[in-house]
Amino acid sequence: MRLSKFHLATVKEVPADAEIVSHRLMLRAGMIRKLAAGLYTWAPLGLRVLRKVEAIVREEMNRAGAVELLMPAVQPRELWEETERWERFGGQLLKIKDRKDAEYCFGPTHEEVITDFARAELHSYKQLPLNFFQIQTKFRDEIRPRFGVMRAREFLMKDAYSFHLSADCLEREYWNMYETYSRIFTRLGLKFRAVQADAGAIGGNVTHEFHVLADSGEDAIAFSDGSEYAANVEMAEAVAPLQERPVATAPLERVATPTQKTIDEITAFLAVSSQACVKTLLVRGCTGLVALCVRGDHEINEVKAAKLAELPGESVLADEAEIIKAIGCKPGFIGPAGLPESIPVIVDRSAAALADFVCGGNADGTHYRGANWDRDARITRVADLRKVVDGDPSPDGKGHIRLARGIEVGHVFQLGTKYAEALKATVIDQSGKNHVMTMGCYGIGVSRIVAAAIEQNFDASGIVWPEPMAPWRVALCVINPKNDAAVTAAAESLYAELGVRGVDVVLDDRGLRPGGMFADMELIGIPHRVVISERGIAAGTFEYRARRDSESRQLSRDEVLALF
RNA sequence: CGGGGUAUAGCUCAGCCUGGUAGAGCGCUAGCUUUGGGAGCUAGAUGUCGAGAGUUCGAAUCCCUCUACCCCGACCA
């Protein structure tokens, strides 16, 4: 490609509200332009990168045995009613009408369509297993689109859906996809982690998210420094402390804490550590309030709490009025000692291992010190309730938990029979009976990967692409071509030779001054730069510099060619 | 949906408080000079000041309504 025939549109300024690095750099490099909230045009430069990611994803999906197809982006309401998701999917579902007032949605995902396809196409167990995939534009009407293409409303996704006769077969394909995803992100040159994730309302046994590690990531992930264990923080198990609970030594003592409500205030006022306190929260249970206790230095994990049998599937804090009515004190003074019998007390493992602890006195302005389980406070049940913290022992017993931030770029999921059942997608099995197919689904956020890669690979000058997704691998910068025909000739010759060798090369023949040219090539992150100049030609050399290098080298033509 | 903010040249923004007829930088056009880290000089072109309705002799500026966009939060199979 000759840059003079391309539309490279770098800019110096960027709107003040473009906050994260990838968004700013994508705008500055001229990769994307915003059309409306959460809607972006992929300019030629951005599209080159997007296509490279897409190609690698496609290649690896094909290699893994998946079969590509392409489904409509627009889907009829009736299909979504069969799975009852027309209403349930919520506001993210963009609903549209055609000229006859028939209703459709712009597909946020394609379980319905693929299952409809499968029920029409697949009749015999002999056709299974099968994994269909597509790379296609999705639309989710996010409440708050932000961060450019990182969380856009319209985005490019690779989604795959597999069909099986048995859960065992699904499990095999699941791990096949897991391996495939690992290969994809490795090939893309990204630092990533596969983490155990929350299966959510769908159920299913195992689900993994693939996260690109970046400080700006929206998700928190926990991983072990001593093993392969990694999980979304929502899911990461907080194991019980190794030590048994010490025996009670202190008497229960009520102390006045007139205005001290928070753990910070209590620890300062009573000169105790937060690890020696028990924090009690009241949530709305299935039948009245439920008390959840964690250690003072820990926080409740709401996802874990929501799964408790005593809770209705979500954890909602009781409000002040409810608390006063039930216990007679304000939040801030609640404790497990002396709670009404009707309130179950569910205690986190770490909190349950405390003795002689400080907790709320269940009366305004008082706390207890020297409180002990069993003797002073009832434990209905011990459970894993808290968020893991950095340094916790790893749940697999090897190493310690470290926390990192990640950007979710992939998700593999064992769906089971939910959709196949709702849509009656069956095949005839070996015994001649109808058999509901078991499904898996596997998503990759193709457009999000582009932004995530930048979050992980940039410097003060701009983007530093991993080679496999760079818009071009090599840039040839021609300096003052008008002054010396030999410079142009050398550049053209090198450009032609690299082209013949199949190197993805771009010739910057725009005639810019050197500063502008270098700044552009660095901003758009081209991994390799070769400068062709009058003084180089005189010396018989080309100047080579990798994007990550701090200095350049003088190379002969052959040496340059040997690099690629 | 709750709270906060913004909308002015192609882009990024100032001007608004305190009403008097439109600005800067970048970009763009032309010319001259310059040519290894986003050049300099000269000359130019460019605006329904988001929309509508008010107050006023006069509105980018004040009031009201609407729309779009952004930030924080809640939400995120």
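Just so it is clear, the structure is predicted and the values come from calculations on it, not from any experiment.

Student: Account for the overall build of chain A, with residues named and values stated.
Tutor: Helix and strand content of chain A: 16 helices and 30 strands. Dimensions along the principal axes, computed over C-alpha positions, put chain A at roughly 95 × 70 × 50 Å. For chain A, the exposed surface amounts to about 25500 Å²; the carbon and sulfur share of it is 50%. One finds the centroid of the 69 positive side-chain charges in chain A at a distance of 3 Å from the centroid of its 78 negative side-chain charges.

Student: Tell me about the protein's contact with RNA strand B, and please be specific about residues and values.
Tutor: The local shell around RNA strand B holds 36 residues, among which Arg144, Asn480, Glu522, Ser533 and Glu543 are the closest. Among all atoms of RNA strand B positioned within 4 Å of the protein, those belonging to sugar or phosphate total 46%. With respect to RNA strand B, the side chain of Glu13 contributes an N or O atom lying 2.8 Å from a base nitrogen. Looking at the surface near RNA strand B, the elements that each hand over two or more residues are α14 (514–523), β28 (528–532) and β29 (542–546). Ranked by residues supplied to the surface near RNA strand B, first place goes to α14 with 7 residues. Of the residues assigned to the surface near RNA strand B, the class counts are 13 nonpolar, 5 polar and 18 charged.

Student: A description of the nonpolar core should follow, citing residues and the corresponding values.
Tutor: In terms of nonpolar packing, the biggest core is built from 72 residues, with Met31, Tyr181, Phe185 and Trp465 touching the most fellow members. Non-local contacts of Tyr181, meaning those with residues more than four positions away in its chain, are made with Met61, Lys158, Phe210, Gly410, His411, Val412, Tyr442, Gly443 and Ile444.

Student: Can you break down the side chain of Asn301 residue by residue, with the values?
Tutor: In this structure, Asn301 sits in the loop between β15 (288–295) and α8 (302–306). Residue Asn301 is classed as buried on the basis of its relative accessible area of 3%. At 3.3 Å, the side chain of Asn301 and the backbone oxygen of Val233 are in polar contact. Leaving out residues up to four positions away in the same chain, Asn301 has contacts with Val233, Glu234, Leu385, Arg386 and Lys387.

Student: Describe the domain arrangement of chain A, listing the residues and the values that go with them.
Tutor: Taken domain by domain, chain A comprises domain 1 (17–237 + 403–454), domain 2 (253–383) and domain 3 (472–563). Between the C-alpha centres of domain 1 and domain 3 the distance comes to 40 Å. The interface is formed by 6 residues belonging to domain 1 together with 4 residues belonging to domain 3. Taking both sides of the interface into account, the surface hidden between domain 1 and domain 3 amounts to around 490 Å²; carbon and sulfur atoms contribute 62%. Viewed at the interface, domain 3 and domain 1 are joined by 2 salt bridges. For the salt bridge of Arg48 with Asp504, the shortest nitrogen-to-oxygen distance reads 3.2 Å. Of all the secondary-structure elements, those providing two or more residues to the side of domain 1 that touches domain 3 are α1 (21–28) and α2 (44–63).

Student: I'd like a description of the pattern of salt bridges, backed by residues and values.
Tutor: In this structure the tally under the stated criterion is 42 salt bridges. Arg386 serves as the salt-bridge partner of Asp392, at 2.8 Å between the closest nitrogen and oxygen. Under the relative-accessibility criterion, Asp392 is labelled buried at 9%. Arg386 gets classed as buried once you look at its relative accessible area, which sits at 3%. Three or more residues joined by partner-sharing salt bridges are found here, namely Glu59, Glu60, Arg63, Arg183 and Arg187.

Student: An account of the sheet that holds strand β13 (residues 253–256) is needed here, citing residue identities and associated values.
Tutor: One open sheet accounts for 3 strands, arranged β13-β18-β17; its pairing is antiparallel. Here the strands that pair on one side only, and so sit at the sheet edges, are β13 and β17 (357–360). Each strand axis lies, on average, 30° off the axis of its neighbour in the sheet, ignoring direction.

Student: Residues and numbers for helix α13 (residues 485–500), please.
Tutor: The terminal C-alpha atoms of α13, which comprises 16 residues, lie 22 Å apart, in line with the 22 Å expected from a rise of 1.5 Å per residue. Two or three places before Ala486, at the start of α13, stands the capping residue Asp484, its side-chain oxygen 2.8 Å from that residue's backbone nitrogen. Looking at the residues trailing α13, positive phi occurs at Gly502, about 80°.

Student: Residues and numbers for the environment of Asp17, please.
Tutor: In this fold, Asp17 is placed in the segment before α1. A relative accessible area of 61% places Asp17 in the exposed class. Considered as a pair, Asp17 and Val212 are 195 residues apart in the sequence and their alpha carbons are 24 Å apart.

Student: Mind laying out the state of the cysteines, listing which residues take part and the relevant values?
Tutor: Put plainly, a disulfide is one covalent bond tying together the sulfur atoms of two cysteines. This model, assessed by the stated rule, comprises 0 disulfides. Distance from the sulfur of Cys169, which forms no disulfide, to the nearest cysteine sulfur (Cys441) is 16 Å. Owing to a relative accessible area of 13%, Cys169 belongs among the buried residues under this scheme.

Calculation criteria
- Residues numbered from 1 in each chain as written.
- Chains lettered and ligands numbered in written order.
- Predicted model: local features only at pLDDT ≥ 70, side-chain atom pairs only at ≥ 80, totals over all residues.
- Heavy atoms only, no water.
- Helix = DSSP H or I, 4+ residues; strand = E, 2+ residues; numbered from the N terminus.
- Areas by Shrake-Rupley, 256 points an atom, 1.4 Å probe, with all protein chains shown as cover.
- Lys, Arg positive; Asp, Glu negative; His and termini not counted.
- Charge placed at Lys NZ, Arg CZ, Asp CG, Glu CD.
- Near = heavy atom within 4 Å.
- Polar contact = N/O pair within 3.5 Å; in protein donor to acceptor, adjacent residues only side chain to side chain.
- Nonpolar A, V, L, I, M, F, W, Y, C, P; charged D, E, K, R; others polar.
- Core = buried A, V, L, I, M, F, W, Y, C linked by side-chain atoms within 4.5 Å.
- Buried < 20%, exposed > 50% of the residue type's maximum accessible area, 1.4 Å probe, protein only.
- Contact = heavy atoms within 4.5 Å.
- Domains from an automatic or database assignment.
- Buried area = accessible area lost by both parts, 1.4 Å probe.
- Salt bridge = Lys/Arg side-chain N within 4 Å of Asp/Glu carboxyl O.
- Pairing = 2+ DSSP bridges.
- Axes fitted to C-alpha atoms, helices over the stretch in contact; angles between N-to-C directions.
- Expected span 1.5 Å × (residues − 1).
- Disulfide = S-S within 2.5 Å.

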